[in-house]
Every structure is written in C-alpha cells, then in structure tokens.
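Architecture at a glance
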Amino acid sequence: MKKIVYSLILFSIIISISCNRHKKQGLVFYEGGNAQVKAGNLINAIVYFNKAIALDSTKADFYMARANAKLSIVDYTGAIADYTKVIHLDPKRAEAYLSRGVVKVYMKDFSTEAVADLTQAIQLNPGLANAYYNRGVIKYVQHDLDAACVDWKKAADMGSTQAISKAKTYCK
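Okay, so let's go over this structure. Please read these numbers as outputs of a predicted model, since none were measured by experiment.

So, how was this worked out
Residues numbered from 1 in each chain as written. Predicted model: local features only at pLDDT ≥ 70, side-chain atom pairs only at ≥ 80, totals over all residues. Heavy atoms only, no water. Patch = residues over 30% accessible without salt bridge, like charges linked within 9 Å, V, L, I, M, F, W, Y side chains within 5 Å. Areas by Shrake-Rupley, 256 points an atom, 1.4 Å probe, with all protein chains shown as cover. Salt bridge = Lys/Arg side-chain N within 4 Å of Asp/Glu carboxyl O. Helix = DSSP H or I, 4+ residues; strand = E, 2+ residues; numbered from the N terminus. Buried < 20%, exposed > 50% of the residue type's maximum accessible area, 1.4 Å probe, protein only. Axes fitted to C-alpha atoms, helices over the stretch in contact; angles between N-to-C directions. Parallel < 35°, antiparallel > 145°, perpendicular 65-115°, else oblique. Left-handed = near helix turned anticlockwise from the far one by under 90°. Contact = heavy atoms within 4.5 Å. Disulfide = S-S within 2.5 Å.

1. Some thoughts on a nonpolar patch on the surface
Together, Y140, V141, L145 and Y170 make up a nonpolar patch on the protein surface, roughly 310 Å² of accessible area in all. Inspection of the secondary structure puts Y140 in helix α7 (residues 129-141). Relative accessible area serves as the criterion here: at 35%, Y140 is assigned to the partly exposed category.

If you want it as structure tokens, here you go:
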C-alpha cells in the first residue's frame, strides 16, 4: 500500500513539474508574439500565440493578444472566436466585450447580441467611450436616433472625436 501511495505522490509531482514547464514555455511564446506584433509581423505573432495557447490554454491574455492580431489582419471570425474564449476565461474583462462588439459593427452585425456586448463592456467599465460610440452606431442603424444620440453625447463628453462629429451631425 505504501508503494502505491508513494507512486501516486511521485506521479503527481512529475505532472505538476511538467505542467509548470509548459506554462512557462507558453509565456515565452506569448512574449515572442508580442514582440512580433511590435515589429509589425502579425502572421508570425499569431503563430507564436498559437504555440502559447497550445502550451497553456488557460490564459485569457494569450487569446486576447491573438484576437487583437487577428483583428489587425481582418480575420473577424477568428477574432470573435478568440474574444469569446477570453470572455469564457475572464467574464469581467470589459475590453473583450468591447472588442467583440466593435468587430460585429465592422461586420455590419447590428444585432441585439452586438448591443449586449457593448452594454456589458459599459457595465464593467463605464469609462469606455468607444463602447458608447459603437453602441450609438448600432442604435442609429436600428433607426433609434434618440438612443444613438444619448450614447454619442456620452462618448463625446469623454473626448471621442468620432462621437463629437456624429453628435454635431445627427443630434440636437
């Protein structure tokens, strides 16, 4: 019986060491991906982020970085999938909701789900002018000018030049 207990303890230690090594290697690839982004090599960055995620799929930052890189190369579907994974791993991450909502606007998806993403971003971080601005865009497309103007004026008060322009053009 003692042999079995010792074997289980040893096995547990070996697995723990192996997992920690993988997580550290994941961080190295994540940092390499960030360096590639800074150098403007977005495809290479995504390759690095893929390796980081393969080694440690529990890090929301890894998915967020890959989503942002995918967004930069106009892979909207891939970006949305990664922002969704970030939200699954870190449901209080306002930037993930904001980014997913903005990508939906880029894709001309003016659905209630897009509004819900931007609203959730605002609830988590009321200082996100871009969330108000983009929610205003959706409301405008949905023919709700009053609601659009409320959001654009709020974003304009926060200094959004886009919102200032929209508010001047469309709002009283």
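Moving on from the model shown.
2. A few points about the packing of helix α6 (residues 112-124) against α7
For the pair α6 and α7, the least separation of the axes is 9 Å and the interaxial angle reads 155°. Looking at the two axes, α6 sits roughly antiparallel to α7. As α6 runs across α7, the sense of the crossing is left-handed. Contact with α6, carried on its side by A114, V115, L118, T119, A121 and I122, involves A131, Y132, N134, R135, I138 and K139 of α7 and no other residues of that element.

3. Re the state of the cysteines
One pass over the structure, following the stated rule, counts 1 disulfide. Between the sulfur atoms of C149 and its disulfide partner C171 the distance amounts to 2.0 Å. When the S-S torsion is -95°, as for the bridge of C149 with C171, the disulfide is left-handed. Highlighted residues: C149 in helix α8 (residues 145-157) and C171 in the segment after α9 (161-170), separated in sequence by 22 residues.

4. Digging into the environment of K154
Mapped onto the elements of the fold, K154 is located in helix α8. It is 9.4 Å that separates the C-alpha atoms of K154 and I164, two residues lying 10 residues apart in sequence.

5. Considerations on the pattern of salt bridges
Inspection of every chain in the model, using the stated rule, returns 7 salt bridges. Between K59 and D56 there is a salt bridge, and its shortest N-O distance comes to 4.0 Å. K59 gets classed as partly exposed once you look at its relative accessible area, which sits at 37%. Look at D56 and you get buried, because its relative accessible area is 3%. The partner of D151 in a salt bridge is R135, and the shortest N-O contact between them spans 2.7 Å. Placement of D151 in helix α8 and of R135 in helix α7 is noted, with a sequence separation of 16 residues between them. For the pair D151 and R135, one class covers both residues: buried.

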